[in-house]
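Structural characterization, general
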Amino acid sequence: MPQILPDFSNSVKLKYVKLGYQYLVNHILYLLLVPIMVAILIQVLRLGPDEILNLWKSLHFDLVQILCSSFLIIFIATVYFMSKPRHVYLVDYACYKPPVTCRVPFATFMEHSRLILKNNPKSVAFQMRILERSGLGEETCLPPAIHYIPPTPTMEAARGEAELVIFSAMDSLFQKTGLKPKDIDILIVNCSLFSPTPSLSAMVINKYKLRSNIKSFNLSGMGCSAGLISIDLARDLLQVHPNSNAVVVSTEIITPNYYQGNERAMLLPNCLFRMGGAAILLSNRRRNRSRAKYRLVHVVRTHKGADDKAYSCVFEEEDKEGKVGISLSKDLMAIAGEALKSNITTIGPLVLPASEQLLFLMTLIGRKIFNPKWKPYIPDFKQAFEHFCIHAGGRAVIDELQKNLQLSAEHVEASRMTLHRFGNTSSSSLWYELSYIEEKGRMKKGDRVWQIAFGSGFKCNSAVWKCNKTIKTTTDNPWTDCIDRYPVHIPEIVKL
């Protein structure tokens with residue numbers, strides 16, 4: 001028997017149905033207002049000149065009414081513009097690129113491990129398995145003190161690393177932006193595990209002879225998400241200090257935190273963390289608007305520290321032999337997933353189009369009223385953002401977020417390639433990822449970027465940026481000399 005009705009499952013592309021639904025819901029106000037405005041215009045055109053003149057004369061205005069109305073309009077406009085938050089712009093940023101002398105190929109790393117842990121071959125084998133599956137490449141870098149056998153994690157060496165990374169990033173920022181040290185009004189330095197006295201922010205002030213009235217802050221112990229916490233702090237300060245420049249420095253000093261014991265949970269960071277740092281210039285000055293790369297739209301912070309498991313899943317402590325290290329819990333990924341869920345719940349209504357919010361609400365109501373077993377609707381964040389910068393904390397972190405947010409390989413390419421080329425550079429990794437997208441020539445005017453970072457405590461923080469102008473490739477980018485080789489294929493296991 002011939003088929004009477006066409007096979008809609010084959011003839012209708014559901015992709016275009018969804019696009020039509022999104023367009024309809026997201027532009028519903030325009031679709032409703034345009035017919036109303038057209039109807040009013042047609043009605044006015046039907047009136048003759050005499051009728052329009054009589055209608056105008058029938059409206060009686062006296063001087064008092066005009067003055068009161070004008071005063072009210074001016075008062076409302078003044079209150080609105082005074083209460084409106086100041087725009088915060090990201091003028092430019094610079095990422096530190098370690099010298100080739102600091103590179104740690106797999107063979108070098110494993111040779112050092114065998115010599116340092118020669119009495120514990122099981123720990124050496126464990127590190128090899130982690131490194132094989134880490135997603136890191138052969139060009140990641142460790143500070144000079146870690147290259148010694150045994151390592152020499154002295155205070156002098158740690159300060160030396162801090163000066164090398166921070167001053168190099170700052171010098172590059174000054175060169176790229178033309179900023180003078182005396183023009184810095186706010187300075188924020190975040191470094192989680194190295195907190196000397198005087199502070200790292202004082203070290204920067206001393207090096208560049210910054211003003212005596214500068215507002216300086218030094219954040220420590222806040223993990224890999226501290227970079228976005230610094231951005232949030234800078235934003236709040238720029239709201240109350242007009243016509244100001246804020247410099248944020250994000251880094252992690254590896255030298256004093258290289259674990260030399262045998263506890264597996266503490267050996268894991270040795271395999272993942274590498275040298276890195278970034279300096280970012282934020283401003284609320286109007287004259288910087290035209291040359292700024294991005295405008296800060298939202299910052300959303302989620303803290304799960306009230307939960308004991310979340311609080312202790314990334315914990316600095318001593319092992320049985322009294323050696324200090326960072327212990328990573330087996331529950332880390334599950335806790336990160338819960339923190340991400342809470343963060344998404346907050347940021348979703350701020351960024352998602354109406355079509356996605358409506359689908360999420362309908363699914364939620366359906367699960368509550370009709371069937372709790374209905375599969376929950378995961379909003380399509382690709383409708384809200386063109387680019388994603390996921391903290392390059394490790395391969396498992398990127399895999400989990402790609403799966404949960406239903407992202408394509410291209411969406412997480414910047415994160416995977418940053419992990420491969422530079423390793424986990426802690427709070428600065430987001431800026432290496434953003435730099436990768438720019439160097440690939442993918443950042444266009446109006447594009448929206450979502451930065452997501454996780455940190456001890458446990459925290460999940462997000463920042464949303466909007467691109468001010470199409471960004472051209474430059475010669476002072478940390479990816480310049482190798483961008484043509486990327487993206488590279490990263491196998492599941494690299495046999496060592």
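Quick caveat, the model's predicted, so the values are computed rather than measured.

Now for empty space enclosed by the protein. Rolled over the atoms, a probe as big as a water molecule pinpoints where empty space is left. This model, assessed by the stated rule, comprises four cavities of 30 Å³ or more. What the largest cavity holds in volume is close to 60 Å³. In terms of lining residues, the largest cavity is bounded by Val 104, Thr 108, Phe 109, His 112, Leu 142, Ile 146, His 147 and Tyr 258. Taken together, the residues that form the lining of the largest cavity break down as five nonpolar, three polar and no charged.

A complete count under the given rule lists 14 aromatic pairs for this structure. An angle of 85° between the planes, with centres 5.8 Å apart, marks the rings of Phe 167 and Tyr 208 as edge-to-face. A residue pair is termed long-range when its members are at least 10 positions apart, and Phe 167 in helix α8 (residues 155-177) and Tyr 208 in helix α9 (residues 200-208) qualify at 41 residues. On the accessibility criterion, Tyr 208 (10% relative accessible area) is buried.

Looking at the largest pocket, its volume works out to about 1100 Å³. If you trace the largest pocket, you find 45 residues lining it, with Leu 268, Leu 272, Phe 273, Leu 328 and Leu 332 closest to the centre. Put simply, the parts of the chain that give the lining of the largest pocket at least two residues each are α7 (121-133), α11 (264-272), β7 (314-318), β8 (324-328), α13 (332-351), α15 (395-404) and β10 (448-455). The biggest single contributor to the lining of the largest pocket is α11, with six residues. Tallied by class, residues from the lining of the largest pocket come to 24 nonpolar, 14 polar and seven charged. Computed from the structure, the second largest pocket encloses a volume of approximately 690 Å³. Looking at the second largest pocket, it is lined by 23 residues, and the ones nearest its centre are Lys 341, Ile 344, Phe 360, Tyr 377 and Pro 379. For the lining of the second largest pocket, the elements supplying multiple residues, two or more each, are α13 and α14 (354-369).

A few words on α14. Over its 16 residues, α14 runs 22 Å from end to end, which matches the ideal 22 Å to within 8%, given 1.5 Å per residue. Along α14, the positions that sit buried rather than exposed are Ser 355, Glu 356, Thr 363 and Gly 366. An end-on view of α14 places all buried positions within 100° of arc, on one side of the element. For α14, exposure combined with an orientation more than 90 degrees from the buried face picks out Lys 368 and Ile 369.

In terms of nonpolar packing, the biggest core is built from 75 residues, with Ile 166, Met 170, Val 247, Leu 282, Tyr 294, Trp 431 and Trp 465 touching the most fellow members. Looking at this core, the element that brings in the most residues is α8, giving nine residues. Residues in contact with Trp 465, not counting those within four places in the same chain, are Leu 90, Ile 231, Leu 282, Tyr 294, Arg 295, Leu 296, Val 297, Trp 431, Asp 447, Arg 448, Val 449 and Gln 451. Counting 33 residues, the second largest nonpolar core, distinct from the first, contains Cys 313, Ala 336, Val 397 and Trp 450.

With that out of the way, let us pick up α11. Here α11 has its buried residues at Met 266, Leu 267, Pro 269, Asn 270, Cys 271 and Leu 272. Contacts from the buried residues of α11 go to α6 (106-116), α7, β7 and β8.

A cis amide bond, omega -5°, links Ile 149 with the succeeding residue Pro 150. Within the secondary structure layout, Pro 150 lies in the loop between α7 and α8. The backbone phi angle of Asn 243 is positive, close to 55°, even though this residue is not glycine. The residue Asn 243 is located in the loop between α10 (226-240) and β4 (245-251) in this model. Here the phi dihedral of Gln 406 falls at roughly 55°; this positive angle occurs in a residue that is not glycine. Structurally, Gln 406 can be placed in the loop between α15 and α16 (413-422).

Rules of the game
- Residues numbered from 1 in each chain as written.
- Predicted model: local features only at pLDDT ≥ 70, side-chain atom pairs only at ≥ 80, totals over all residues.
- Heavy atoms only, no water.
- 1 Å grid on protein atoms, 1.4 Å probe; cavity = no way out; pocket = protein on both sides within 12 Å on 5 of 7 lines; lining within 4 Å.
- Points joined across faces, edges and corners; volume = space filled by probe spheres on them.
- Nonpolar A, V, L, I, M, F, W, Y, C, P; charged D, E, K, R; others polar.
- Phe/Tyr/Trp six-rings, centres within 6.5 Å; stacked < 30°, edge-to-face > 60°.
- Helix = DSSP H or I, 4+ residues; strand = E, 2+ residues; numbered from the N terminus.
- Buried < 20%, exposed > 50% of the residue type's maximum accessible area, 1.4 Å probe, protein only.
- Expected span 1.5 Å × (residues − 1).
- Arc of directions from axis to C-beta.
- Core = buried A, V, L, I, M, F, W, Y, C linked by side-chain atoms within 4.5 Å.
- Contact = heavy atoms within 4.5 Å.

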